[in-house]
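Reading the structure
Each chain is listed here by its residues.
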Amino acid sequence: MSGGTTVDYFVHEQGLCESTAVGPGTRVWAFAHVLPGARLGADVNVCDNVFIENDVVVGDRVTIKCGVQLWDGVRIADDVFIGPNVTFTNDPFPRSRAYPEVFAQTVVQNGASLGANSTILPGLTIGRNALIGAGTVVTRDVPPNAIVVGNPGRIVGYAGAERPTTPPAVPTPESADPETTGFRLQRLRKAVDMRGSLVATEFTDLPFVPQRTFLVYDVPSKDVRGEHAHRACEQFLVCVSGSVNVLADDGTHRQEFVLDDPSVGIHLKAMTWGTQYKYSPGTVLMVFASLPYDDADYIRSYDEFLSLVEAKSA
């Protein structure tokens, strides 16, 4: 802020901002240091004792709390919260005075929040609206909306979804309106006597006549399956053994279910984002599909999914 140049951002008298690529309304506070190559959006709040290296891009309305360093390769999208002393890394095998040809690029997408003292390993993507708990060590990409805690970080829930509850002894047949959402629970026919229990399903009992079925099993409890939508294919999920949490998201409504009764399944319509996680030991998940396998039918990017939903409703 020298030479009489008028700027529309604020730098504290004890802060140092060498970059001029700074958006309006941004504030750089005391003892913070922004290198010349960094790019900061509008209305960014850079708190005390923050260091921002050259090859760093920060979006609009980002909060960077005290004690954070943003190293080369870090990309921060709009509306991100970075808590005190969050640690970013950009070299998986660091040595003193030995630098990689290219630093790993770490991306934090729109609306994500990183809790105090969390550590983000290099080259990862933190999905939009994800929540990283305080002290979490993030070792893998984080899906959109995921709530991640622990060391190593693991998914314990999803932001914006109704929280799972213990199912009643007799499950409610429908927990979502099939006319207004892309998903619903459905109870299957069940017979119980002293010899045991039997669930019998005619294909005509399902919302569609299946053309394919597959089993998901031996999934470590910390791992996540699904994380995609289908353009045309519908699915019906039944947990035949154990339990699993299912997140269903049609772009407007997001709800989480616990499948732990083989007489209850969940119908995921086409253009519904589905995620399964929290597999208990020995869980077997059976999936019926309305169409044969077609890789082109998959939507694997949540951003692309939201764009297609928005275009469809326009």
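Below you will find a few notes about this structure.

Here the focus is the overall build of the protein chain. The secondary structure content of the protein chain amounts to 1 helix and 33 strands. Overall, the protein chain is about 85 × 45 × 35 Å in size when its C-alpha atoms are taken along their principal axes. In the structure as shown, the protein chain presents an accessible area of about 15,800 Å², 52% of it carried by carbon and sulfur atoms. Within the protein chain, the 36 negative side-chain charges are centred at a point lying 5 Å from the centre of the 25 positive side-chain charges.

This part covers the sheet that holds strand β32 (residues 284-289). Taken in spatial order, the 5 strands line up as β22-β30-β27-β32-β25 in an open sheet, and their pairing is antiparallel. Strands at the two margins of the open sheet, each flanked by one partner only, are β22 (183-187) and β25 (212-217). For this sheet the average axis-to-axis angle between neighbouring strands, irrespective of direction, equals 25°. Sheet topology places β25 next to β32; 6 bridges connect them, and they run antiparallel. Across the sheet, residue Val216 finds its bridge partner in β32, namely Leu285.

Another aspect to go through is unusual backbone geometry. Peptide bonds are trans in most cases, and residues, glycine excluded, mostly fall at negative phi. In this structure, the amide linkage connecting Asn151 to the following residue, Pro152, adopts the cis form with an omega of 0°. Checked against the element boundaries, Pro152 lands in the loop between β20 (146-149) and β21 (154-158). Although it is not a glycine, Arg61 sits at a positive phi angle of roughly 60°. Topologically, Arg61 is positioned in the loop between β8 (57-58) and β9 (63-64). Note on Arg61: relative accessible area 41%, which makes it partly exposed. In this structure, Asp79 is a non-glycine residue whose phi angle is positive, near 60°. Turning to its location among the elements, Asp79 is positioned in the loop between β11 (74-76) and β12 (81-82).

This paragraph deals with the side chain of Asn245. In this fold, Asn245 is placed in strand β28 (residues 244-249). With relative accessibility at 7%, the residue Asn245 sits in the buried group. Within polar-contact distance, the side chain of Asn245 engages the side chain of Glu256 at 3.1 Å.

Moving on, we come to the packing of aromatic side chains. All chains considered together, the criterion is met by 9 aromatic pairs. With a centroid separation of 5.7 Å and an interplanar angle of 40°, the aromatic rings of Trp273 and Phe305 are classed as tilted. Remark: Phe305 occurs in helix α1 (residues 302-313) and Trp273 occurs in strand β31 (residues 273-277); sequence separation between them is 32 residues. A relative accessible area of 6% means that Trp273 is categorised as buried. Using a relative accessible area of 0% as the deciding quantity, one classes Phe305 as buried. Through a chain of ring-to-ring contacts, the aromatic side chains of Trp273, Tyr302 and Phe305 assemble into a single cluster.

As a further point, take the nonpolar core. Grouped together as the largest cluster of nonpolar side chains are 42 residues, with contacts concentrated most on Ile52, Ile64, Leu70, Ile76, Ile82, Phe88 and Ile126. Mapped onto this core, the elements with two or more residues apiece are β11, β20 and β21. Core analysis: the second largest hydrophobic core is formed by 17 residues, Leu237, Val244, Ile266 and Leu268 among them.

Once that is clear, we can look at the layout of surface pockets. Space inside the largest pocket adds up to approximately 550 Å³. Considering the residues around the largest pocket, the lining is formed by 25 residues, among which Asp141, Val142, Pro143, Ile155 and Glu227 are closest to the centre. Elements represented by at least two residues in the lining of the largest pocket include exactly β19 (137-138), β21 and α1. Its residues assigned to classes, the lining of the largest pocket shows 11 nonpolar, 6 polar and 8 charged.

So, how was this worked out
Residues numbered from 1 in each chain as written. Predicted model: local features only at pLDDT ≥ 70, side-chain atom pairs only at ≥ 80, totals over all residues. Heavy atoms only, no water. Helix = DSSP H or I, 4+ residues; strand = E, 2+ residues; numbered from the N terminus. Areas by Shrake-Rupley, 256 points an atom, 1.4 Å probe, with all protein chains shown as cover. Lys, Arg positive; Asp, Glu negative; His and termini not counted. Charge placed at Lys NZ, Arg CZ, Asp CG, Glu CD. Pairing = 2+ DSSP bridges. Axes fitted to C-alpha atoms, helices over the stretch in contact; angles between N-to-C directions. Buried < 20%, exposed > 50% of the residue type's maximum accessible area, 1.4 Å probe, protein only. Polar contact = N/O pair within 3.5 Å; in protein donor to acceptor, adjacent residues only side chain to side chain. Phe/Tyr/Trp six-rings, centres within 6.5 Å; stacked < 30°, edge-to-face > 60°. Core = buried A, V, L, I, M, F, W, Y, C linked by side-chain atoms within 4.5 Å. 1 Å grid on protein atoms, 1.4 Å probe; cavity = no way out; pocket = protein on both sides within 12 Å on 5 of 7 lines; lining within 4 Å. Points joined across faces, edges and corners; volume = space filled by probe spheres on them. Nonpolar A, V, L, I, M, F, W, Y, C, P; charged D, E, K, R; others polar.

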